[in-house]
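Letter by letter, the chains look like this.
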Amino acid sequence: MSLALRDHAIATEHSNRPAQRSETSAPHDLQRYLSLDDFERVAQRRLPKMLYGFVSGGVETDAALHDNRRAFREYGFVPRVLNDVSQRDYSTELLGKNYAAPFGIPPLGTAALCAYRGDIVLGRAAATMNVPMILSAASVIKLEDVKREAPTAWYQAYLAGDPLHIEPLVDRVVAAGYETLVVTADVPVQANRENNLRVGYRLPLTITPRVTWDAITHPAWLFGTWMRTLLKYGMPHFENFDAKRGPPVLSRDLMRKIGKRDQLAWSHIELIRRRWKGKLVIKGLIAPQDVRIARECGVDGVIVSNHGGRQLDCAISPLRTLPEIASEARGMAVMFDGGVRRGTDVLKALALGAHFVFIGRPMLFAAVAEGERGVQHALKLLQAEIDRDMALLGIRRLAEIGPAHIRCLGIQ
């Protein structure tokens, strides 16, 4: 059979499947947001400088943060043509679940400090759009409350290397009904985030004259998020680090109560695997050797990530080791996180071996700018870009994309 006849047969086979098109129309007040980057400009004006700096910054020289974007620019596409791409489908199966798109929202620990009820806003928007959202252990909203509002949510844990703390937390997550547990592995110690200190952000939160002025000069955040939260829910606490409620965000004892994480080891992952019957994911891997160990521990999936460039300065972009990791996974789900801003970024990660992609900062900025409807709009914008880019690449389904569609440009 000729290639043309083969492609026509494939197109005919799928002609009865509904096209997975995202709506391009939006309410008038959201039409100014044409891309994910547009939300950041609004969020920057609305947030106090300390919170915007915390979310947007990296660590030390920001080398890892910048490499996440640089790595995407080093790849270009090799599109195919005349393939009849009228019936496109970007739905995705991941860890036994069907999702409407190949992307989701990763853990964002400051979500409810930046946007009112931020974790619930993100979770509900994700559930409405049928994509996963990962609740951070550093959330100030109880994991049980988020799960009720966002049934597609996963839970992410920061764990101390202590079974006496690990086992009760796992039991709490099970009781709350979560089906996917994500263990973050790349935070054994706190990073040297000099940029946080320069803009006045620190943990525990400290009310200084500078911070007070920063809040007063951003009244939309002060009254719409901080004061509204205090009046309705009281002082925010870190709710999900442990099996029990954690300390308030202003606690001087915060870091001691969170616990040390530099003793966490693969033996603890094996312990969790024995106790946790749902899907188990490890987040924060870059080295292919670690992916092999994760597979041997019975992990279901990995999130390839350098923590958004926020932990080890000069850590390379996870995109650079993604092909090696994909070849090492051997049946595990490979998810990618770091620097994604466009539909083309999603497709580049998929072409290099990822099965799924997570987008963090832009979704939080969308929540700050426009709440739940803003996050939905951001997700729809990304869906529309992927739908359009698939047609221009000459593919109908995401399974068709691969190394043949991409080339390294050799940029130095």
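Residues numbered from 1 in each chain as written. Predicted model: local features only at pLDDT ≥ 70, side-chain atom pairs only at ≥ 80, totals over all residues. Heavy atoms only, no water.

**What about helix H8 (residues 163–176)?**
The cut-off we apply is this: Each helix is a run of DSSP H or I of at least 4 residues and each strand a run of E of at least 2, with the numbering of both proceeding from the N terminus. Helices are assigned an expected span. That span is 1.5 Å times one less than the residue count. For each residue, the accessible area found with a 1.4 Å probe, counting protein chains only, is set against the maximum for its type, and the residue is called buried under 20%, exposed over 50%, and partly exposed in between. Think of the arc as the fan of directions from the helix axis to the C-beta atoms. By definition in these notes, contact holds between two residues if any of their heavy atoms fall within 4.5 Å.
Between its terminal C-alpha atoms H8 stretches 20 Å, which fits the 20 Å expected from 14 residues at 1.5 Å a residue. Buried residues of H8: Ile-166, Leu-169, Val-170, Arg-172, Val-173 and Ala-176, and no others. Along the axis of H8, the buried positions cluster into a sector of 160°, meaning they face one direction only. The outward face of H8, more than 90 degrees from its buried face, is lined by the exposed residues Leu-164 and Ala-175. The elements touched by buried residues of H8 are helix H7 (143–149), strand S6 (154–157), strand S7 (180–184) and helix H13 (266–275).

**Thoughts on the pattern of salt bridges**
To keep it simple, the criterion reads: Salt bridge, as applied in this entry: a Lys or Arg side-chain nitrogen positioned within 4 Å of an Asp or Glu carboxyl oxygen.
Under the counting rule described, the total for this entry stands at 26 salt bridges. With a shortest N-O distance of 3.9 Å, Asp-337 and Lys-283 are connected by a salt bridge. Placement of Asp-337 in strand S10 (residues 333–337) and of Lys-283 in strand S8 (residues 279–285) is noted, with a sequence separation of 54 residues between them. Assessed through its relative accessible area of 9%, Asp-337 is described here as buried. One connected set of salt bridges, linked through shared partners, spans Asp-29, Arg-32, Glu-370 and Arg-373.

**Side note on the nonpolar core**
Applicable threshold: Remark: nonpolar core denotes a set of buried residues (Ala, Val, Leu, Ile, Met, Phe, Trp, Tyr, Cys) joined through side-chain atoms within 4.5 Å.
Grouped together as the largest cluster of nonpolar side chains are 115 residues, with contacts concentrated most on Tyr-155, Tyr-178 and Val-375. Looking at this core element by element, the count peaks at 15 residues for helix H17 (residues 361–393). Those residues in contact with Tyr-178 that sit more than four places away from it in its chain are Leu-135, Leu-143, Val-146, Lys-147, Ala-153, Trp-154, Tyr-155, Val-173 and Trp-276.

**Regarding unusual backbone geometry**
Despite not being glycine, Glu-60 has its phi angle at roughly 50°, a positive value. Within the chain, Leu-82 stands out as a residue other than glycine whose phi angle is a positive 55°. Mapped onto the elements of the fold, Leu-82 is located in the loop between strand S1 (75–77) and strand S2 (92–94). Judged by its relative accessible area of 84%, Leu-82 is exposed.

**As for a nonpolar patch on the surface**
For clarity, the cut-off: Residues enter patches when they are more than 30% accessible in relative terms and free of salt bridges; like-charged ones are connected within 9 Å and nonpolar ones (Val, Leu, Ile, Met, Phe, Trp, Tyr) within 5 Å. Residue burial considers only the protein chains on display, and all accessible areas are found by Shrake-Rupley using a 1.4 Å probe.
Taken together, the side chains of Phe-223, Met-227 and Leu-231 define a hydrophobic patch exposed on the protein surface, amounting to about 350 Å² of accessible area. Along the chain, Met-227 turns up in helix H11 (residues 219–233). The class of Met-227 is partly exposed, set by a relative accessible area of 30%.

**Overview of the sheet that holds S7**
What counts, and what does not: Two strands pair if DSSP finds at least two bridges between them. Orientation is described by lines fitted to C-alpha atoms, with helices fitted over the stretch in contact, and by angles between N-to-C directions that extend from 0 to 180 degrees.
Read across the sheet, 8 strands follow the order S4-S11-S10-S9-S8-S7-S6-S5 without closing on themselves; strand pairing throughout is parallel. Each edge of the sheet is formed by a strand with only one pairing partner; in this case those strands are strand S4 (103–104) and strand S5 (134–135). Across 3 bridges, the pairing between S6 and S7 is parallel. Residue pairing in the sheet places Ala-157 in a bridge with Val-183 of S7. Docked against the sheet, helix H15 (residues 322–329) engages S8, strand S9 (301–304) and S10, running at close to 160° with respect to S10.

**Some remarks on the pairing of S10**
This is how the line gets drawn: A clockwise path from the first strand over the helix to the second, with the strands pointing away from the viewer, defines a right-handed crossover.
Extensive coverage of S10 is indicated by the burial of 5 of its 5 residues. Here S10 shows two buried faces, one formed by Ala-333, Met-335 and Asp-337 and the other by Val-334 and Phe-336. Here S9 pairs with S10 via 4 bridges, running parallel. Across the sheet, residue Gly-301 finds its bridge partner in S10, namely Ala-333. Sheet analysis places S10 next to strand S11 (residues 356–358), joined by 3 bridges and oriented parallel. Within S11, the residue paired with Met-335 across the bridge is Phe-356. Chirality of the crossover, the property in question, places the unit of S10, helix H16 (residues 343–351) and S11 among those that are right-handed.

**Some words on the environment of Ala-329**
Mapped onto the elements, Ala-329 comes out in helix H15. On the basis of relative accessibility, which here comes to 2%, the residue Ala-329 falls in the buried class. In this structure Ala-329 touches Val-291, Arg-295 and Val-334, once residues within four positions along its chain are discounted.

**Observations concerning the confidence of the model for the chain**
So the rule is basically this: The quantity known as pLDDT measures the predictor's confidence residue by residue, on a range of 0 to 100.
Of all residues in the chain, 92% have pLDDT values of 70 or greater, and the mean over the chain is 91. Residue range residues 1–20 is modelled with pLDDT below 50. Its contacts to residues more than four positions away, or to other chains, number 23 contacts.

**Quick look at the pairing of S9**
Here S9 shows no split at all, with Gly-301 and Ile-303 on one side and Val-302 and Val-304 on the other all buried. Pairing analysis gives 4 bridges linking S8 to S9, with the strands arranged parallel. Each residue of the ladder has a partner; that of Lys-283, found in S9, is Ile-303. Once you follow S8 into helix H14 (residues 288–296) and on to S9, the crossover reads as right-handed. A crossover connection joins S9 to the parallel S10 through H15; in handedness this β-α-β unit is right-handed.

**Thoughts on the side chain of His-268**
Mapped onto the secondary structure, His-268 falls in helix H13. The exposure class of His-268 is buried, given its relative accessible area of 10%. Discounting residues that sit within four places of it in the chain, His-268 has contacts with Gly-161, Asp-162, Pro-163, Ile-166 and Gln-263.

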